[in-house]
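A closer look at the structure
Spelled out, the chains give:
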Amino acid sequence: MEDGGNALVLLSMLPEESPSSPGQDAGASESGALPTQAVDNVEMPLPSSPQTFFLGSLLTLAVLAAVYVASSIILPVVLAFVLQLILQPAVDLLERIGLPRAVGALLAILLVVGALVGFVAALSVPAASWAEKLPGGLPRLETHLVVLKRPIEALQKVVQQAEHVADSPGKKEPTVSVRRDLGLTGVLFAGTRAVLDGLFTTVLVLYFLLVAGDIFLRRIVEVLPNFADKRQAVDIFQQIEADISAYLLTITAMNAAVGIATAAAMYLCGLGDPLLWGAAAFLLNYVPILGPLLGTVIFLLAGMLSFDSLWWALLPAILYFCIHLAEGETLTPMLLARRFTLNPVLIILSLVFWFWMWGVPGAILAVPMLAILKIVSDRVRPLRALGHVIEG
């Protein structure tokens, strides 16, 4: 890529130091480093000092606490860095054909924003029509769920008895409570304002990242003490840029294929509004494992709201699950196997953790951040044990 090439040009202009250790010999040339790397890859040092482990744990907890508290600032910045990996090649291409970098960055961002606005506008009409059809489909849903009627009634009776016991204590004292209810409009306005603030911050940071190009990499290369560290920094940056860009582009292409296949399947089975269901499948597929599970539940409810026959109502969910099974278990792993071999247990834990930290955007960013952590860990010797644990 252009940034990596510029960094290597800068690197070649620096005076190369004579290596004084096998580790520096390993960083000098890729061909001559194979025996040393084979030995180093086996060595995965763990912290032997309890003080080092304790201080590292405290630092990790402090960083996570700061990320949680300052999520309204940090999340848009992280999202901007990830989007920069996707849009950077397009900006570099526009610069090579003679367009100023600032103008190319602006055009790339406007293209993304325009696509999102058009996407939301196209979905607003079918979403509104489904909202209108929802009250009429509730009796049909109750008919399909009649099997669960008795357990639900028993659960409601237990809850009512518990509330009765809680509301009748031995001694009652007068209480005064002040309730501030903003109502549905206030809640929606507050949520919309938070989303717009986050989007504005993301777009602003993304624009300046695209305009700056490889300036951060250049400054890091300049301040590192020796040639081996400079080369390692360039290698880590290039690997992150190549792997994460390939991952996001591949996932986007596969999600688009899943959306098109789901829309066609919903049209053929008579569910209606195929554009809405294709878009839902496209978006849900960005969250591995949890997104398709939620999508299966959504299509199950949609089928029960639309069809009288129970077996016909199960068809949309079955079709969606089969499409996801073909994509998630066959096609996508084949395309990403060379670049990503992540531990599936850690993927689930990462999804749950970052969803708790940052909500849906955190769940979408969980896998790219885990992949970045593995790339860095594999190339920094003290962290190689962590990279080995993350590997699938």
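Residue numbers restart at each chain and count upward from 1, following the sequence in its written direction. The predicted nature of this model means local features are confined to residues of pLDDT at least 70 and side-chain atom pairs, given and counted, to a pLDDT of 80 or more, with totals for whole chains, interfaces and linings taken over all residues. Side-chain measures were taken over the full set of non-hydrogen atoms in the model, leaving aside hydrogen atoms and water.

Side note on the overall build of the chain
Rule in force here: Only DSSP runs of H or I reaching four residues or more are called helices, and only runs of E reaching two or more are called strands; each is numbered from the N terminus. Note on exposure labels: buried denotes an accessible area under 20% of the residue type's maximum, exposed denotes more than 50%, and partly exposed covers the range between, all computed with a 1.4 Å probe on protein chains only. Any two residues whose heavy atoms approach within 4.5 Å at even a single point are treated as in contact.
Broken down by element type, the chain carries 16 helices and zero strands. Relative to its 392 residues, the chain shows a buried fraction of 31%. Contacts in the chain between residues far apart in sequence, at least 24 positions, make up 74% of those at least 6 positions apart.

Section: the confidence of the model for the chain
Spelled out, the test is: Each residue carries a pLDDT value, the predictor's own confidence for that position, ranging from 0 to 100.
Residues at a pLDDT of 70 or more form 69% of the chain, whose mean pLDDT is 74. Contacts of residues 12-41 to residues separated by more than four positions or lying in other chains number 21 contacts, the stretch itself having pLDDT below 50. With pLDDT under 50 throughout, residues 176-185 is counted as low confidence; its partners more than four residues away or in other chains account for zero contacts.

Topic: the packing of aromatic side chains
Each aromatic ring pair is summarised here by two numbers: the centre-to-centre distance and the angle between the ring planes. Note the cut-off: Aromatic pairing here means that ring centres of Phe, Tyr or Trp (its six-membered ring) are within 6.5 Å. Orientation follows from the plane angle: under 30 degrees is stacked, over 60 is edge-to-face, and everything else is tilted.
For the coordinates displayed, the defined rule picks out eight aromatic pairs. On the basis of an interplanar angle of 10 degrees and a centroid distance of 5.2 Å, the ring pair of Tyr68 and Trp356 is categorised as stacked. In this pair, Tyr68 sits in helix H4 (residues 50-69) while Trp356 sits in helix H14 (residues 344-358), placing the two residues 288 residues apart along the sequence. Here Trp356 falls in the exposed class, since its relative accessible area comes to 56%. A centroid spacing of 4.7 Å and a plane angle of 25 degrees characterise the contact between Phe299 and Tyr320, whose relative ring orientation is stacked. Of this pair, Phe299 sits in helix H12 (residues 290-306) while Tyr320 sits in helix H13 (residues 310-336), placing them 21 residues apart in sequence. Linked through ring pairs, Tyr68, Phe353, Trp354, Trp356 and Trp358 together constitute an aromatic cluster.

Comments concerning H12
Here is the rule: Take the residue count of a helix, subtract one, and multiply by 1.5 Å to get its expected span.
Taking 1.5 Å as the rise per residue, H12 with 17 residues should run 24 Å; its terminal C-alpha atoms sit 25 Å apart, in good agreement. Turning to H12, its buried residues number three or more, namely Gly291, Pro292, Gly295, Phe299, Ala302, Gly303, Met304 and Leu305.

What to know about the packing of helix H9 (residues 215-223) against helix H10 (residues 227-268)
Put simply, the rule is: Fitted lines through C-alpha atoms give the axes, limited to the stretch in contact for helices. The angle between two N-to-C directions lies from 0 to 180 degrees. Relative orientations are named as follows: roughly parallel for angles under 35 degrees, roughly antiparallel for angles over 145 degrees, roughly perpendicular for angles from 65 to 115 degrees, and oblique for any other angle. With the far helix as reference, a near helix turned anticlockwise by less than a right angle produces a left-handed crossing, and one turned clockwise produces a right-handed crossing. Residues are sorted three ways: Asp, Glu, Lys and Arg are charged, Ala, Val, Leu, Ile, Met, Phe, Trp, Tyr, Cys and Pro are nonpolar, and all the rest, Gly among them, are polar.
At a minimum axis separation of 8 Å, H9 and H10 run at an interaxial angle of 155 degrees. One finds that H9 runs roughly antiparallel with respect to H10. Viewed along their axes, H9 and H10 form a crossing whose handedness is right-handed. Side by side, H9 and H10 meet where Leu217, Ile220, Val221 and Glu222 of the first sit next to Lys230, Ala233, Val234 and Phe237 of the second. A breakdown of the residues in the contact of H9 with H10 according to their chemical character gives six nonpolar, no polar and two charged.

Let's talk about the packing of H4 against H14
Two quantities define a packed helix pair, namely the angle between the axes and the distance from one axis to the other. Interhelical geometry of H4 versus H14 gives an angle of 50 degrees and a closest axis separation of 9 Å. As judged from the angle between their axes, H4 and H14 are oblique. Seen from H4, the contacting residues are Leu64, Val67 and Tyr68; seen from H14, they are Phe353, Trp354, Trp356, Met357 and Trp358. Grouping the amino acids of the contact of H4 with H14 by side-chain chemistry returns eight nonpolar, no polar and no charged.

What about H14?
Formally: In this description, one arc is meant: the one made by directions from the helix axis to the C-beta atoms.
When the terminal C-alpha atoms of H14 are compared, their 21 Å separation across 15 residues agrees well with the 21 Å that a helix rising 1.5 Å per residue should span. Residues of H14 that are buried: Ile347, Ser350, Leu351, Trp354, Met357 and Trp358. Projected onto a plane normal to the axis of H14, the buried residues spread over an arc of 140 degrees and lie on a single side. Opposite the buried face of H14, by more than 90 degrees, sit the exposed residues Val345, Leu349 and Trp356. Each element contacted by the buried residues of H14 is listed here: H4, helix H5 (71-96), H12 and helix H15 (360-379). Note on H14: the residue one or two positions beyond its end, Gly359, has a positive phi of about 75 degrees.

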